[in-house]
Amino acid sequence: MTDTRTDRLTSLLDEYASLEQQLADPSVHADQARARELGRRYAELGPVVATVREIEAVQGDLAAARELAADDPAFSVEADELAERLPALEAKLREQLLPRDPDDSKDVILEIKAGEGGEESALFAGDLLRMYLRYAEREGWKTEVIDATGSDLGGYKDVSVAVKSRASAGDGVWARLKYEGGVHRVQRVPVTESAGRIHTSAAGVLVMPEAEEVDVTVDPNDLRIDVYRSSGPGGQSVNTTDSAVRITHLPTGIVVSCQNEKSQLQNKESALRILRARLLAQARADADAAASDARRSQVRTVDRSERVRTYNFPENRISDHRVNYKAYNLDQVLDGDLGGVLNALVEADNEARLASAE
């Protein structure tokens, strides 16, 4: 282990011991926000400490087995088995010591927008929404559709959904879904196609860490708020009052509209949630632009302008173009079985960051 990595490990172990002491102090829990922050960091460091302790235990057992093997050859087998465990544990620790994405513990707001392909693209956007909702259900996450604009055939022109982890600490939703941002392309025979020809259309996915009010300060003087009547598929009015809300953030030009709720106040709160997430995402992007090449390559995967994945219905094939992932279980993936493709993206990301850290 390099001196830099040893110093970082020592620092993290010291921090963990300090957090343990602070959390044992009843006075700390008088400030719930502070206690949650300490608890979240303590949970983040827990796996690192557990791996260190496991390595130390194996090293201790290995030294004892080798000493005993001098008198009893039977212990040589145990020593060999223990020695074989160490490289995997050390590799696991190297991965755990990589700089952590500061947003990994956050919940997300996920936006899906129909793109090329008209009504077929809107139907595909609906398929993507169901895929994420079912994946969230498998993970035990809570979902909430914040805003949606439907299409005539039951798809979505655009939809925003909040995805929240039920756990209060450790990795959150962002740690997994941050790789989903980009252009998702579908190849299939649309329901609107009478001649049976395969068409290609696309939908855009944007994933943003949900910002708390302490993360982003929004000055009310920077907002222009317009209200209007909400509408449904085809543009027909679905509300007789001006409950829909459009918020324009004047310094950045970001515009957010919400119309799902019947209350103007509820739509305003939903729009502000999306606005804060977009402002946080923009701030992160601005910071990443000045970061190292390795960090830029990581955040590149959440660029909406990049075509990231193809869903080929005739072949039941899903392909992720960033990591050359290919599998023939598209039906299962659309039913929420996203584990395989997400694991491939996480592993590729970790490998790239490990290589750059060497």
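Each value, and the rule that gives it
Residues numbered from 1 in each chain as written. Predicted model: local features only at pLDDT ≥ 70, side-chain atom pairs only at ≥ 80, totals over all residues. Heavy atoms only, no water. Helix = DSSP H or I, 4+ residues; strand = E, 2+ residues; numbered from the N terminus. Buried < 20%, exposed > 50% of the residue type's maximum accessible area, 1.4 Å probe, protein only. Contact = heavy atoms within 4.5 Å. Areas by Shrake-Rupley, 256 points an atom, 1.4 Å probe, with all protein chains shown as cover. Core = buried A, V, L, I, M, F, W, Y, C linked by side-chain atoms within 4.5 Å. Salt bridge = Lys/Arg side-chain N within 4 Å of Asp/Glu carboxyl O. Pairing = 2+ DSSP bridges. Polar contact = N/O pair within 3.5 Å; in protein donor to acceptor, adjacent residues only side chain to side chain. pLDDT = per-residue confidence, 0-100. Expected span 1.5 Å × (residues − 1). Bend = angle between axes of the 7 residues up to and from the residue.

### Topic: the overall build of the protein
For the protein, the helix and strand inventory stands at nine helices and eleven strands. Sorting the 358 residues of the protein into buried and exposed places 43% on the buried side. Taking all contacts inside the protein whose residues are at least 6 apart in sequence as the whole, residues at least 24 apart take part in 62%. With the model as given, the accessible surface of the protein reaches about 18,600 Å², and the carbon-plus-sulfur share is 48%.

### Here we look at the nonpolar core
In summary, soluble globular proteins display a tendency toward joint burial of nonpolar side chains. Residues I112, L128, L177 and Y311 are the most contacted members of the largest nonpolar core, which totals 37 residues. At the level of secondary structure, the elements contributing two or more residues to this core comprise β1 (108-114), α4 (118-139), β3 (156-164), α5 (174-177), β5 (199-209), β11 (325-327), α8 (330-334) and α9 (339-357). When near neighbours in sequence (up to four residues on either side) are disregarded, L128 contacts I112, H184, A203, V205 and Y311. One finds L223, V245, V256 and A271 within the second-largest nonpolar core, a separate group that totals 21 residues.

### Brief notes about the pattern of salt bridges
Any two side chains of opposite charge can pair, on the condition that their charged atoms come close. Inspection of every chain in the model, using the stated rule, returns 22 salt bridges. Across the pair D335 and R134 runs a salt bridge whose closest N-O atoms are separated by 3.2 Å. Note that D335 is positioned in the loop between α8 and α9 and R134 in helix α4, a separation of 201 residues in sequence. Note on D335: relative accessible area 36%, which makes it partly exposed. For R309, the salt bridge goes to D320, with nearest N and O atoms at 3.1 Å.

### Re the pairing of strand β2 (residues 142-150)
By the bridge criterion, eight bridges tie β2 to β3 in an arrangement that is antiparallel. Bridge assignment links D147 to a residue of β3, and that residue is S160. Counted along the chain from β2 to the antiparallel partner β3, the turn is five residues long, and its residue G154 has a positive phi close to 100°.

### Concerning the environment of E120
With respect to the element layout, E120 can be found in helix α4. Assessed through its relative accessible area of 6%, E120 is described here as buried. Sequence separation of E120 and V191 is 71 residues, and the distance between their C-alpha atoms is 7.6 Å. Not counting the four nearest positions on each side in its chain, E120 is found in contact with V186, R188, P190, V191 and S201. At 2.6 Å, the side chain of E120 and the side chain of R188 are in polar contact.

### Thoughts on the confidence of the model for the protein
For the protein, the mean per-residue pLDDT works out to 85, and 88% of the residues sit at or above 70. Per-element confidence in the protein ranges from a low mean pLDDT of 39 for helix α7 (residues 293-299) to a high of 97 for α8. Within the model, the stretch residues 292-305 combines pLDDT values under 50 with 29 contacts to residues more than four positions away or in other chains.

### Quick notes on the side chain of R309
Turning to its location among the elements, R309 is positioned in strand β9 (residues 307-312). Among the residues examined, R309 registers a relative accessible area of 0% and is labelled buried. Engagement of the side chain of R309 in a polar contact is seen with the side chain of E180, the distance being 2.7 Å. Not counting residues within four places of it along the chain, the set of residues in contact with R309 comprises E180, V183, H184, R185, I318, S319, D320, H321, R322, L338, V341 and L345.

### Things to note about helix α2 (residues 32-69)
Along its 38 residues, α2 runs 54 Å from first to last C-alpha, staying within 8% of the 56 Å computed at 1.5 Å per residue. Taken as a whole, α2 carries its principal kink of about 35° at G46; the proline P47 stands between one and four residues after it. The N-cap residue of α2 is D31: its side-chain oxygen and the backbone nitrogen of A33 are 3.3 Å apart.

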